Amino acid sequence: LLLLIRGRDRQKLRRPAHQKNKQRGWMALSRLSEGAIASMMVGETVSKPILQVINIRAISTGNGPPRYRLLMSDGLNTLSSFMLATQLNSVVEEERLKTNCICQLNRSIVNTLKDGRRVIIVMDLEVLKSAEMVGGKIGNPVPFNEVGQGQQQQPLPPVVPAANPPASRPSQQNGLSGAPATAMARAPSKSFGKTGGSDSILSTPGGSQTRVVPIASLNPYQSKWTIRARVTNKSQIRTWSNSRGEGKLFSIELVDESGEIRATGFNEQVDKFFSLIEVNKVYFFSKGTLKIANKQYTAVKNDYEMTFTNETSVVPCEDSADVPTVQFDFVSIGDLENKDKDTLVDIIGVCKSYEDVSKIIVKSTNREVSKRNIHLMDMSGKMVTATLWGEDADKFDGSRKPVIAIKGARLSDFGGRSLSVLSSSTVMLNPDIPKSFQLRAWFDSEGQVMEASSISEGRGGGGSGGNTNWKTLREVKSESLGHGDKADYFTSVATIVYFRKENCLYQACPTQDCNKKVIDQQNGLYRCEKCNSEFPNFKYRLILLANIADFGSNQWVTCFQEVAETILGQNANYLGELKDKNEQAFEEVFHNANFCTYIFRIRVKLETYNDESRIKATVMEAKPVDYKDYARRLIMNIRKLAVHLA
């Protein structure tokens, strides 16, 4: 028996080396950075401390993303003043960061609040050992303020300035000063107990010191701060006038490596800063006021927004290579149908087609603005219509089918799902980001011949592939399109075979926003019942009935003003004059338009009139056939049929 026991003990001593190494590795991972919390809280630089998560608590932030507060342990002390940066929320939500797990803080920033309390913002971390592997709390750590065998911790000393001050500082410009030369400086690795500030400190002309802080740490309770951020968007100057007076404003969007924030300047600040601030440049900003952000008007992911004051300082920063550009949180086009109306979203897609610029009158201001619809497609195979306004609409060029990223577009339920680009939105063509390269490669290889499904009803892009719910006229009838509760939309290639010219023109109210038919008073005046006014003139409007046909069937369709003018190649007023003065020339216009082929975008709906139900088909858009795209689509369909038949 004694020999057996000794033999078993020898076997234990002869365990394989890899098992021993594995055990030593786990022990190394479980060894926490004792003393790290105390060092961090007195302003010392701690290089990548290894800590254990004791507890995680979600903090509600209203409409913004949640913030997570962490109770951490270094084996000696615990501290509940760790805040997770919002870009790391996923590690909690995906349950990678859990109670008892061990993690390494690769990057963190200590921020001092107005009341003297310090908060550690965790910018980047790595989970070294899961909660399941650890099994429980390591050691018997005590709260940081009870260090010293239960004695009260002495008040924290102020943060010590960095041993090596910044090599350069921004010069004064336009009388503005007080910004540091570097922000969120990455100090070299140091062992615990060595001093050295983790933030940049700048002595202002007044003799006071200003700390550079990350955007993620800004809150209304701070009075003295400086951030270094890139301007990613800048609005035009807007004016207002109401019972309380009138004024002007502009807004910008700022981003640094910790997050983003919106800033607004009013009246005097517009004159002071608008010409100074340029998009994509980096500046030092200090001494603005902070308030709760109104999420209705911005897609910037921050609970607060900044307002410039008379004390605000803006100084250009030359060293800007490490400051990121626009931060996107893209939503797939296929997921837009699951989003609520009026939600602000970030979207990226290839411009598969676009429409010509049109001019509309904004009723609220009675001003004319430019408008253009573009049709974006992504790898979900879905397509959505986005509307550009003003200068964006005038200057847009989609001829090369660019990749377009839009930050902060408003989602509408007009015509299914559509997007509107706001004055606060950011539009980028072919942005230099990985998602853009991935989308371009996909589109060039397969997306350009894919038959996309538009989620924007009735607002497709016609011949270049707008809403590509392609149907033959025979399929429309066999599938009973239009017989449901909602109207159906489809795209079809067809030829005009007949026009019904009788009553295709009518005399309408001459005012801009009214198309009501007028009554001839037989005294040189024309009365509009809707406007309750009489006018000495009128304008002509078109309602054109046409019969279109393809190889399998035909269909009567109604074409209103813009579509009818496109098909006939003449405007309504000219046609009205021809009808009155030259009947032969009037007939010739219709003769020339007959037997022309178009790509029609058509709305069909079952309507009942005088107890009689019939399908009403309305042409929403008619475009000449792009035979290159049309042939490509036919080839793709042939290939699909070949695979199906095989």
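See the structure shown above.
Definitions and limits used
Residues numbered from 1 in each chain as written. Predicted model: local features only at pLDDT ≥ 70, side-chain atom pairs only at ≥ 80, totals over all residues. Heavy atoms only, no water. Helix = DSSP H or I, 4+ residues; strand = E, 2+ residues; numbered from the N terminus. Buried < 20%, exposed > 50% of the residue type's maximum accessible area, 1.4 Å probe, protein only. Contact = heavy atoms within 4.5 Å. Areas by Shrake-Rupley, 256 points an atom, 1.4 Å probe, with all protein chains shown as cover. Salt bridge = Lys/Arg side-chain N within 4 Å of Asp/Glu carboxyl O. Disulfide = S-S within 2.5 Å. Core = buried A, V, L, I, M, F, W, Y, C linked by side-chain atoms within 4.5 Å. Pairing = 2+ DSSP bridges. Phe/Tyr/Trp six-rings, centres within 6.5 Å; stacked < 30°, edge-to-face > 60°. Lys NZ or Arg CZ within 6 Å of the ring centre and 35° of its normal. Arc of directions from axis to C-beta.

Novice: Give a detailed account of the overall build of the chain, specifying residues and quantitative values.
Specialist: For the chain, the count of helices and strands is 13 helices and 33 strands. Counting all 646 residues of the chain, 44% fall into the buried class. Considering only residue pairs separated by 6 or more positions, the chain has 63% of its internal contacts joining residues 24 or more positions apart. Of the roughly 34,400 Å² of accessible surface on the chain, a fraction of 48% belongs to carbon and sulfur atoms.

Novice: So what about the pattern of salt bridges? Which residues, and what values?
Specialist: Summed over the entire model, instances satisfying the criterion amount to 19 salt bridges. The residue arginine 440 makes a salt bridge to aspartate 444 at a minimum N-O spacing of 3.1 Å. Of the two residues, arginine 440 and aspartate 444 both sit in helix 8 (residues 434-445), 4 residues apart, roughly one turn of that helix. The class for aspartate 444 is partly exposed, based on a relative accessible area of 41%.

Novice: Explain the state of the cysteines to me, using residue names and the numbers behind them.
Specialist: Inspection of every chain in the model, using the stated rule, returns 0 disulfides. In this model cysteine 509 remains outside any disulfide bridge; the closest cysteine sulfur is found in cysteine 531, 3.8 Å from its own.

Novice: Would you mind going over the nonpolar core in detail, with residue names and values included?
Specialist: Generally speaking, nonpolar side chains in soluble globular proteins are found buried as a group. Ranked by size, the top nonpolar core spans 34 residues in total, and within it Phe499, Ile567, Leu568, Phe600 and Ile602 carry the most contacts. Among the elements that make up this core, the one with the highest residue count is strand 30 (residues 539-549) (5 residues). Tyr68, Leu88, Leu97 and Cys103 belong to the second-largest nonpolar core, a separate cluster that totals 26 residues.

Novice: Lay out the sheet that holds strand 28 (residues 526-528) in plain terms, naming residues and giving numbers.
Specialist: Across the sheet, which stays open at both edges, the 3 strands sit in the order 27-28-29 with antiparallel pairing between neighbours. The two strands at the open ends of the sheet, each matched to only one other strand, are strand 27 (519-520) and strand 29 (533-535).

Novice: Go over unusual backbone geometry, please, and point to the residues and values.
Specialist: Within the chain, asparagine 267 stands out as a residue other than glycine whose phi angle is a positive 45°. Its relative accessible area of 33% is what places asparagine 267 among the partly exposed residues. Positive phi values are uncommon outside glycine, yet lysine 401 reaches one of about 50°. Take lysine 401: it is sitting in the loop between helix 7 (390-395) and strand 21 (403-412).

Novice: Can you explain the pairing of strand 10 (residues 238-242)? Please cite residues and give values.
Specialist: Here is the key point about a regular strand: its side chains alternate between the two faces of the sheet. In terms of strand pairing, strand 10 meets strand 11 (residues 245-256) through 5 bridges, oriented antiparallel. Across the sheet, residue tryptophan 240 finds its bridge partner in strand 11, namely glycine 247. Between strand 10 and strand 11, which follow one another and run antiparallel, lie 2 residues.

Novice: Let's hear about the environment of isoleucine 215: which residues, and what values?
Specialist: Turning to its location among the elements, isoleucine 215 is positioned in the loop between strand 8 (209-211) and strand 9 (226-234). Here the alpha-carbon distance between isoleucine 215 and isoleucine 227, two residues 12 residues apart in the chain, equals 6.6 Å. Non-local contacts of isoleucine 215, meaning those with residues more than four positions away in its chain, are made with Ile227, Ala229, Leu254, Val255, Asp256, Ser258, Gly259, Glu260, Ile261 and Asn302.

Novice: Go over the environment of phenylalanine 308 with me, naming the residues and quoting the values.
Specialist: Here phenylalanine 308 is to be found in the loop between strand 15 (304-307) and strand 16 (313-316). Considering only alpha carbons, one finds phenylalanine 308 and serine 251, 57 residues apart in sequence, at a separation of 9.8 Å. Not counting residues within four places of it along the chain, the set of residues in contact with phenylalanine 308 comprises Phe250, Ile252, Ala263, Thr264, Gly265, Gln269, Phe273, Ile277 and Phe285.

Novice: Please give an account of the packing of aromatic side chains that cites residues and values.
Specialist: Inspection of the entire model under this criterion finds 15 aromatic pairs. Between tyrosine 498 and tryptophan 556, the ring centres sit 6.0 Å apart and the planes meet at 90°, which makes this aromatic pair edge-to-face. Residue tyrosine 498 is found in strand 25 (residues 488-500), and its partner tryptophan 556 is found in strand 31 (residues 554-560); the two are separated by 58 residues along the sequence. Feature note: the residues Phe250, Phe273, Phe274, Tyr283, Phe285 and Phe308 constitute an aromatic cluster, connected by ring pairs. Over the ring of tryptophan 556 we find arginine 500, and its NZ or CZ is 4.5 Å from the ring centre. Directly above the ring of phenylalanine 590 sits lysine 501, whose terminal nitrogen or CZ lies 6.0 Å from the centroid.

Novice: Now, about helix 12 (residues 583-593): what can you tell me, with residues and values included?
Specialist: An α-helix turns once per 3.6 residues; consequently, residues spaced three or four apart project the same way. Of the residues making up helix 12, those classed as buried are Phe586, Val589, Phe590 and Ala593. Summarising the axial view, the buried residues of helix 12 lie within an arc of 90°, below the 170-degree limit, and thus occupy one face. Away from its buried face, by an angle of more than 90 degrees, helix 12 presents the exposed residues Gln584, His591 and Asn592. Packed against the buried residues of helix 12 are strand 25, strand 26 (505-508), strand 30, helix 10 (561-568) and helix 11 (572-581). Directly beyond the C-terminal end of helix 12, a positive phi value near 60° is found at phenylalanine 595.

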